[in-house]
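Listed below are the residues making up each chain.
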Amino acid sequence: MMKNKALGFYEGRSLDESNVFIEKEIPIPNCQANDLLVEVQAVSVNPIDTKRRQMTALSEAFQIQGYDAVGIVKEIGSAVNGFAVGDRVFYAGTTQRPGANQRFQTVDSRITAKAPAGFSDGDLAAMPLTSITAWELLFEKFGYVPEENANDGSILLVNASGGVGSIAAQLAKWAGLTVY
């Protein structure tokens, strides 16, 4: 029988308290029409985890964080297309649902992609949110063409050694820009 263990906290507890994070067994979530039930293999920690933890109000709700993850599809919702049980996927989850710091998580298939081969689970778990942010900046906000070598010119990336900046530099170079 599959068990779903989660690592979380109760809102309002200070990070200074001992044992602020608790491992708890919770029910395996049910798939809605557009969901995938994913057995989580790796999760990254992003600034959003820290910020949301610091912003929690006093209540008794058990919070599960972890927004970027990699896992194996175990079940598919009735409206899902393009995925199969056994697919390795990665995604940036949402703050509107329990996070990936649990063994089994439901995630909307529309914010999920098949994971590319050749990368470890840990490497891929670090990619979704930073990659989406860099992509949106370059191709949606700045208007560059998202195709290999489709752009001319140069771009200055300040603080390009961070998560978003390091991905933006690679995407910009791929898109044909000279990166400074």
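The coordinates are above.
Everything numeric in this text was worked out from a predicted model, so none of it was measured. Sequence order sets the numbering: in each chain, residues are counted from 1 along the sequence as written. Reporting in this predicted model follows two pLDDT cut-offs: at least 70 for local features of residues, and 80 or more for side-chain atom pairs to be given and counted; totals over whole chains, interfaces and linings ignore these cut-offs and use all residues. Excluding hydrogens and water, the side-chain values take into account all heavy atoms of the structure.

A word on the packing of aromatic side chains
The following threshold applies: Ring pairs shown here join Phe, Tyr and Trp side chains whose ring centres sit within 6.5 Å, with only the six-membered ring taken for Trp; geometry is labelled stacked below 30 degrees between planes, edge-to-face above 60, and tilted in between. Whether a charge sits over a ring comes down to the Lys NZ or Arg CZ being within 6 Å of the ring centre and within 35 degrees of the ring normal.
As enumerated under the stated definition, the model contains four aromatic pairs in all. Pairwise contacts between aromatic rings join W135, F139 and W174 into one cluster. K24 extends its terminal NZ or CZ atom over the ring of F62, reaching a point 4.7 Å from the ring centre.

Things to note about the layout of surface pockets
To keep things clear, this is the line we draw: Points on a 1 Å grid over protein atoms alone make up a cavity when a 1.4 Å probe fits among them but cannot get out, and a pocket when they form an open set with protein on both sides within 12 Å along at least five of seven lines; lining residues each have an atom within 4 Å of a point. Grid points are joined across faces, edges and corners, and a volume is the space filled by probe spheres set on the points. Each helix is a run of H or I in the DSSP string that is no shorter than four residues. Each strand is a run of E no shorter than two, and both are numbered from the N terminus. Amino acids are sorted into nonpolar (Ala, Val, Leu, Ile, Met, Phe, Trp, Tyr, Cys and Pro), charged (Asp, Glu, Lys and Arg) and polar (every other residue, Gly among them).
One number sums up the size of the largest pocket: a volume of about 460 Å³. Considering the residues around the largest pocket, the lining is formed by 19 residues, among which F90, M127, P128, S131 and I132 are closest to the centre. Broken down by secondary-structure element, the contributors of at least two residues to the lining of the largest pocket are strand 6 (88–92), strand 8 (112–114), helix 2 (121–125), helix 3 (128–141) and helix 4 (163–174). Tallying contributions element by element places helix 3 first for the lining of the largest pocket, with four residues. Here the lining of the largest pocket is composed, by residue class, of 14 nonpolar, three polar and two charged.

Examining the side chain of N151
To keep it simple, the criterion reads: Any pair of N or O atoms that falls within 3.5 Å is considered a polar contact. Within protein, one atom must be able to donate a hydrogen and the other to accept it, and sequence-neighbouring residues count only if both atoms are side-chain atoms. Two residues form a contact once any of their heavy atoms are found within 4.5 Å.
Structurally, N151 is set in the loop between helix 3 and strand 9 (154–155). A distance of 2.8 Å separates a polar side-chain atom of N151 from the backbone oxygen of V145. Look past the residues within four positions of N151 in its chain and what remains in contact with it is Y144, V145, A175, G176 and L177.

Brief notes about the side chain of T106
As a reminder of what qualifies: Exposed residues in this analysis have more than 50% of their type's maximum accessible area, buried residues have under 20%, and partly exposed residues fall in between, with area computed by a 1.4 Å probe over protein chains only.
Relative to the assigned elements, T106 resides in strand 7 (residues 104–108). Taking relative accessible area as the criterion, T106 reaches 9% and is therefore assigned buried. Engagement of the side chain of T106 in a polar contact is seen with the side chain of R97, the distance being 3.3 Å. In this structure, T106 is in contact with P29, N30, C31, D35, L36, L37 and R97, ignoring residues within four places of it in sequence.

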